[in-house]
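Coordinate inspection notes
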Amino acid sequence: MPTCQSCQTTWSYKETMKAMWTLDPVKTCPHCGARQHISKKGRQRSILVTLFVPLVLLVNIFLDWSVGTAFLWLALAAALSILLTPYTMDLSSEEEPLF
């Protein structure tokens, strides 16, 4: 779970999910109101987690699953990706370049 760099408070899962679904790249700490950015490391980890979904499509090509099985695995991978992403979020006080 992310920790605010200003007040050192760890965000709850619910607070992290709420912040994750905003389009604003700057996240506001729910405890102290400080402006936080997702760190380079956090963005890289979230990208790895979201790669589960295309990986399922690639595996489908090689294993020749039925349409129903492919959709089931795709839905499972998408749900897993959404549920795990808050654990990958890491905060920084200043914006960092991705690469």
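The coordinates are above.
To keep things clear, this report deals only with the structure shown in the data block. Since the structure is predicted, the reported quantities are computational estimates derived from the model, not experimental observations. (Residues numbered from 1 in each chain as written. Predicted model: local features only at pLDDT ≥ 70, side-chain atom pairs only at ≥ 80, totals over all residues. Heavy atoms only, no water.)

**Remarks on the overall build of the chain**
Helix and strand content of the chain: four helices and three strands. In the chain, the order of α-helices and β-strands from amino to carboxyl end is α-β-β-α-α-α-β. By the compact-globule yardstick of 13 Å for 99 residues, the chain is too spread out, its C-alpha radius of gyration being 16 Å. The dimensions of the chain, computed from C-alpha atoms along their principal axes, are 50 × 30 × 20 Å. Expressed as a percentage of the 99 residues in the chain, the buried residues total 26%. A fraction of 62% describes how many contacts in the chain between residues 6 or more apart in sequence connect residues 24 or more apart. Carbon and sulfur atoms make up 67% of the accessible area of the chain, which amounts to about 6700 Å² in all. (Helix = DSSP H or I, 4+ residues; strand = E, 2+ residues; numbered from the N terminus. Rg over C-alpha atoms; globule rule 2.2 N^0.38 Å. Buried < 20%, exposed > 50% of the residue type's maximum accessible area, 1.4 Å probe, protein only. Contact = heavy atoms within 4.5 Å. Areas by Shrake-Rupley, 256 points an atom, 1.4 Å probe, with all protein chains shown as cover.)

**Regarding the packing of helix α3 (residues 52-63) against helix α4 (residues 67-88)**
Running from N to C, α3 and α4 cross one another at 160°; their axes reach a closest spacing of 8 Å. Classified by the interaxial angle, the pair formed by α3 and α4 is roughly antiparallel. The handedness of the crossing between α3 and α4 is right-handed. Seen from α3, the contacting residues are Phe52, Val53, Val56, Leu57 and Asn60; seen from α4, they are Ala70, Trp73, Leu74, Ala77, Ala78 and Leu84. Of the residues assigned to the contact of α3 with α4, the class counts are 10 nonpolar, one polar and no charged. (Axes fitted to C-alpha atoms, helices over the stretch in contact; angles between N-to-C directions. Parallel < 35°, antiparallel > 145°, perpendicular 65-115°, else oblique. Left-handed = near helix turned anticlockwise from the far one by under 90°. Nonpolar A, V, L, I, M, F, W, Y, C, P; charged D, E, K, R; others polar.)

**Remarks on the pattern of salt bridges**
All chains considered together, the criterion is met by one salt bridge. A salt bridge links arginine 45 to aspartate 90; the nearest nitrogen and oxygen atoms lie 4.0 Å apart. Of the two residues, arginine 45 sits in helix α2 (residues 40-50) while aspartate 90 sits in the loop between α4 and β3 (91-92), which places them 45 residues apart along the sequence. Assessed through its relative accessible area of 32%, arginine 45 is described here as partly exposed. Assessed through its relative accessible area of 26%, aspartate 90 is described here as partly exposed. (Salt bridge = Lys/Arg side-chain N within 4 Å of Asp/Glu carboxyl O.)

These figures come from the coordinates and say nothing about function on their own.
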